[in-house]
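# Commentary on secondary and tertiary structure
The primary structure of each chain is shown beneath.
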Amino acid sequence: MTTVLLSILLSVLPSVKDTLQEAVVVSSVKQSLEIAEISSPVTSLMMSRIEDGGINSPRDLSLIVPGLLIPDYGSAMTSSVYMRGLGSRIDNPVVGLYIDDVPVLDKNNYDFQFLDVRRVDMYRGPQGTLYGRNSMTGILSVETLTPSAYQGIRGGVEYGSAATVSARASVYKGRSGAVVGYRHSNGFYTNDFTGEDCDRSDALYFRMRCELSREKVRMDNSFSVSFHKQGGYPYRLWDDGELLPVNYNDKSAYKRISVTDGFRAGIRGNGWNLSSVTSIQLLFDSMDLDQDFTTASMFTLNQTQRQYAATQELIFRPEKGPSWWTSQTGFFAFVKKNRMSAPVVFLEDGIRTLILDNANAGIPDSFGELGIMEDNFPISSEFGIFTYNAALYHESCFRFGRWLLTAGLRIDHEGNFMDYDSRADIHFILSPTMKDYYPLTTRYKGDITNFYFQVLPKLSALYNFGRDGRPVSGQVFATVSRGYRSGGFNTQIFSDILQNQMMQDMMGALGVHPDLDGNAPDARNTTYKPETCMNYEAGARMSLNAGGHRLSASASLFWLDCRNQQITVFPSGKGTGRMMANAGRSRSRGLEAEASWSWKGLTMQMSGSLLDAVFKEYDDGIADYSGNRVPYSPGSTLTVAGSYRFPLGGKHLRSFELSADVSRTGSIVWDEAGTFSQGAYTLLGASARLSMSGVSFFVRGLNLTGTEYDTFYFKSVGNSFFQTGKPRRFTAGVEFEF
C-alpha cells in the first residue's frame with residue numbers, strides 16, 4: 001500500500017535526471033561513520049564484483065568474507081550461518097541481515113536472489129549496540145539499486161548444468177524502478193527410490209523501488225515479493241563405514257512466499273536529522289519431510305507457518321554542537337506473530353520400532369504384548385507464537401586529532417509467548433489379556449512465556465595514520481563489544497514429548513510403571529536461553545595508491561567469550577525431533593585478513609581466517625564435551641582470486657577478461673564428540689567475459705576439479721546422514737545494460 005501511495009505521489013512530480021555518473025553509494029542508515037572510520041573489520045563488495053563474480057545469493061559470500069560459512073544444503077529454508085566459529089542449524093542466526101535498512105526477522109528468508117544489488121557490506125564482530133538481537137558475530141547489509149543511481153534498462157539470461165536457467169530484467173525511469181527475476185534448476189541429486197532428481201527448484205522474484213527527494217525530506221520505498229518451490233534434502237545414510245545413495249520413499253519439499261514492504265524517510269530540521277525505517281513482513285511457507293530419510297515407512301512431517309511482522313526504527317542525530325563530538329540516538333521495536341502447524345504422521349514401521357518396541361520392552365512377558373490398531377496416525381502440534389522487542393540505544397563519537405573514540409550502549413528487551421496443543425488419538429490392545437482395542441487420547445497443551453533484558457555496550461578507539469595527499473593511509477583500531485542472539489522455543493521436540501507421554505499413558509492404563517529414561521525430552525526442553533558473547537578485537541587496515549598500483553589490506557585478531565551457546569542436539573535413542581540446548585561456556589579466537597591489489601588490467605584479491613572455537617564448559621548429562629571443538633564451523637578459510645582485463649579498444653568490442661579463484665575450507669567437525677569430521681578441501685573456479693557496447697557474454701565454471709566433500713551432517717532415528725557438495729558445473733550467459 002505504501003508503494004502504491006508513493007508511486008501516485010511521484011507521478012505528479014518532475015522527473016529526476018540520470019545520476020548514474022555522480023551517484024554516491026552510502027552504507028547503512030545506522031552507520032554515521034564512513035567505513036574507513038568504523039572500529040571493526042568490514043568487507044564491502046560493489047555491484048560490478050557481485051555480478052561479474054556470479055555472486056547470486058548470500059550463500060555465495062562464503063569464504064569471500066573471512067570466517068563466514070553459509071553451507072549449501074537442504075533447501076532455502078535451511079539457511080544456517082556460521083561466523084567466527086559460531087552458529088547453529090536452526091532458529092536464531094548469529095549474523096543479522098538488513099536489506100535496504102530493513103531487518104530480515106526470520107532466518108527462513110536469508111536465502112534470496114541478488115537482483116540489482118548495488119552494494120554489500122559485511123560488518124564483522126558483534127554489532128549489538130546498533131543492531132541488537134541476532135547480530136552476535138556480524139551484520140550483512142545489502143543495498144539494492146535505486147532510480148537516483150541508475151536510469152535505464154538492465155537484464156540477463158543464464159543457462160548451465162542441471163538445466164539451470166535464470167533470467168532477470170529491470171527498468172529504472174524517473175523516480176521509480178522495478179526488477180523481476182526467475183530461476184529454475186533440475187537439481188544435482190538423484191533419489192534412487194524414485195529415480196528422479198530430488199532437488200528441483202523454481203523461484204520467482206519481484207521488487208519495486210520509488211524515491212522522493214526534496215531539500216529537507218527524502219523518502220524511499222521498496223516493495224518485494226518472492227516465491228520458492230523446491231525439492232531438496234538429498235541426505236545420504238552412513239551405514240557401517242559406507243555412504244549410501246540418496247534413497248527415501250516419502251515426500252520432501254519446501255514452498256515459501258515472502259512479502260516485504262520497507263519505507264525509509266529522512267527529515268532534516270534546524271540543527272537535527274531524523275531517520276525512520278518502517279517495514280511490514282509476511283512469510284507463508286510449508287515444509288514436507290520424510291524424517292527418517294530411508295525407504296522405511298517411519299514417519300513424516302508437514303510444517304506450515306503463517307507469519308506476520310512489523311518493525312519500526314527511529315534515529316535522531318543532532319547537527320549542532322562541538323566539532324569534536326557527534327552522536328546518534330535510536331529506538332527500535334518489532335512485533336511478530338506466527339501460527340505454526342507441525343503434525344508428525346507415524347507410519348507402520350515407526351509405530352512398531354519407535355513406540356511398540358520401546359513400550360513392550362518395559363512390559364513383563366507374562367502380561368502379553370502391546371499392539372496399536374492404526375496403521376498410521378498423526379501427532380498433531382499446533383503453535384501460536386508471539387514475539388515483541390523494544391530497544392533504546394545511543395552512540396557517541398569523539399574526535400581528538402587523529403584519534404576517534406566511540407562509546408555506545410543499547411538496552412534491549414524481548415518478550416516471547418507460545419501456546420501449544422499437541423494431541424494423538426489411537427486404539428491399543430494388550431494381547432491376550434485384553435479382548436478389544438481400548439481408545440486412548442494423549443494431549444500436551446499449555447502456554448509458555450519468557451522475557452529477556454540485555455545490556456549491550458561498546459567501546460572502541462581508532463587512530464588514523466597518513467596525511468591527506470600521501471600515497472599511504474590507514475587506521476589501527478581496538479574494540480570491546482557485547483552481542484547476543486535471542487532465546488526461543490523448541491517446537492520440533494513436541495512430537496517426542498507426546499510420543500513418550502503416549503507410551504507412559506498406555507502402560508499406566510495397564511498398571512505398568514517402568515523406569516523412565518532420564519534423558520528423554522520433557523517440558524524442561526521446550527525453551528532455551530539467549531546466547532551472549534563479549535568480543536575483544538584489535539586490527540589495522542591500510543591503503544596505497546602510487547604508480548598506478550592500488551593496494552588495500554586489513555587484518556584483525558579477535559577473542560569471543562560466549563555464555564549459554566545455543567547448540568542443536570537430538571533426543572537420546574531413536575527420537576524423531578531436534579532441539580536447541582545451551583552449552584555453559586564457549587570460546588572462539590582467531591585471525592582474519594583480506595587484501596586487494598590492482599595494477600593496470602590485473603586485479604588480485606585474498607581473504608582468509610584462522611579459527612579456534614572450543615567448548616569451555618559443556619556437559620549435556622550424557623557426556624562432558626568441555627575442551628572439544630565447536631561443530632559445523634571450519635578451522636580455517638582461504639580464498640585467492642585473480643583477473644586480468646584485456647582492453648580491446650574497439651567501437652563495439654570493449655574488453656575481454658579472464659578470472660580464476662581457489663578457495664580452501666579447513667577441517668570441520670560434525671558433532672560435539674568429534675566422532676565425524678570433514679577434512680580440508682579445495683575448490684577451483686574460473687570464468688571468461690567479453691564486454692561489448694551495452695552487452696556482455698560470459699562463461700563460468702565451479703568446482704572444476706570435481707572435488708568430493710560433505711556440506712552437512714545430522715542424526716535421525718539413531719542413524720547418521722550426510723549431504724555431499726555439488727559436483728562440477730558450468731554456466732554461460734549474456735547481460736545487457738542500456
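Structural data are supplied above this passage.
Owing to the predicted nature of the structure, the values given are computational and were not obtained by experimental measurement.

Now for the sheet that holds strand 40 (residues 710–716). If you trace the four strands from one edge of the open sheet to the other, you get 17-16-41-40, paired in antiparallel fashion. If you trace the sheet from one side to the other, it starts and ends with strand 17 (242–246) and strand 40, each paired once. Strand-to-strand twist in this sheet, taken as the mean axis angle between neighbours without regard to direction, amounts to 30°. In terms of strand pairing, strand 40 meets strand 41 (residues 719–724) through six bridges, oriented antiparallel. Following the sheet pairing, Lys715 is matched in strand 41 by Ser720.

The next subject is the sheet that holds strand 1 (residues 42–46). Read across the open sheet, the five strands follow the order 1-7-8-5-6; overall the sheet is mixed. Every interior strand has two partners, whereas the edge strands, strand 1 and strand 6 (102–103), have only one. Two strands pair when backbone bridges link them, and strand 5 (residues 95–99) and strand 8 (residues 138–144) are joined in this way by five bridges, in the parallel orientation. The residue bridging Ile99 from the neighbouring strand is Val142, located in strand 8.

What follows deals with the pattern of salt bridges. Tallying each qualifying case throughout the model produces 39 salt bridges. The residue Asp116 makes a salt bridge to Arg154 at a minimum N-O spacing of 2.6 Å. Here the residue Asp116 occupies a position in the loop between strand 6 and strand 7 (117–124), and Arg154 occupies one in strand 9 (residues 152–160), the gap between them amounting to 38 residues. Judged by relative accessible area, Asp116 falls into the buried class, the value being 1%. In this structure, Glu594 engages Arg124 in a salt bridge whose closest nitrogen and oxygen atoms are separated by 3.2 Å. Of the two residues, Glu594 is situated in strand 32 (residues 579–599) and Arg124 in strand 7; the sequence distance between them amounts to 470 residues. A relative accessible area of 1% means that Arg124 is categorised as buried. One network of salt bridges, with partners in common, ties together Glu51, Asp52, Asp116, Arg154, Arg168, Arg689, Glu735 and Glu737.

Before going further, it helps to examine helix 4 (residues 348–361). Between the first and last C-alpha of helix 4 there are 18 Å, a value that for 14 residues agrees with the 20 Å anticipated at 1.5 Å per step. Helix geometry: helix 4 is bent most strongly at Ile355, by close to 30°. All buried positions along helix 4 are accounted for by Gly350, Ile351, Leu354, Ile355, Leu356, Ala359 and Asn360. Structurally, helix 4 contributes buried residues whose contacts are with strand 20 (299–318), strand 22 (344–346), strand 23 (369–372), strand 24 (377–400) and helix 5 (494–509).

Calculation notes
- Every chain begins its residue count from 1, and numbering advances along the sequence as written.
- pLDDT decides what is reported in this predicted model: residues at 70 or higher carry local features, side-chain atom pairs at 80 or more are listed and counted, and totals for whole chains, interfaces and linings draw on all residues regardless.
- Values shown for side chains rest on all heavy atoms present in the structure; no hydrogens or waters enter the calculation.
- We treat two strands as partners when DSSP finds at least two bridges between them.
- Helical segments are the DSSP runs of H or I of at least four residues, strand segments are the runs of E of at least two, and each set is numbered from the N terminus.
- Only C-alpha atoms enter the line fits that serve as axes; for helices the fit covers just the stretch in contact. Angles between N-to-C directions range over 0 to 180 degrees.
- Whenever Lys or Arg places a side-chain nitrogen within 4 Å of a carboxyl oxygen from Asp or Glu, that contact is recorded as a salt bridge.
- Note on classification: 1.4 Å probe, protein chains only; a residue is buried when its accessible area is under 20% of the maximum for its type, exposed when over 50%, partly exposed between these limits.
- By this rule the span expected of a helix is its residue count minus one, scaled by 1.5 Å.
- Take the seven residues that end at a residue and the seven that start at it, fit an axis to each, and the angle between those axes is the bend at that residue.
- Only heavy atoms enter the contact rule, under which two residues are in contact if any of them lie within 4.5 Å.

Geometry only, nothing functional implied.
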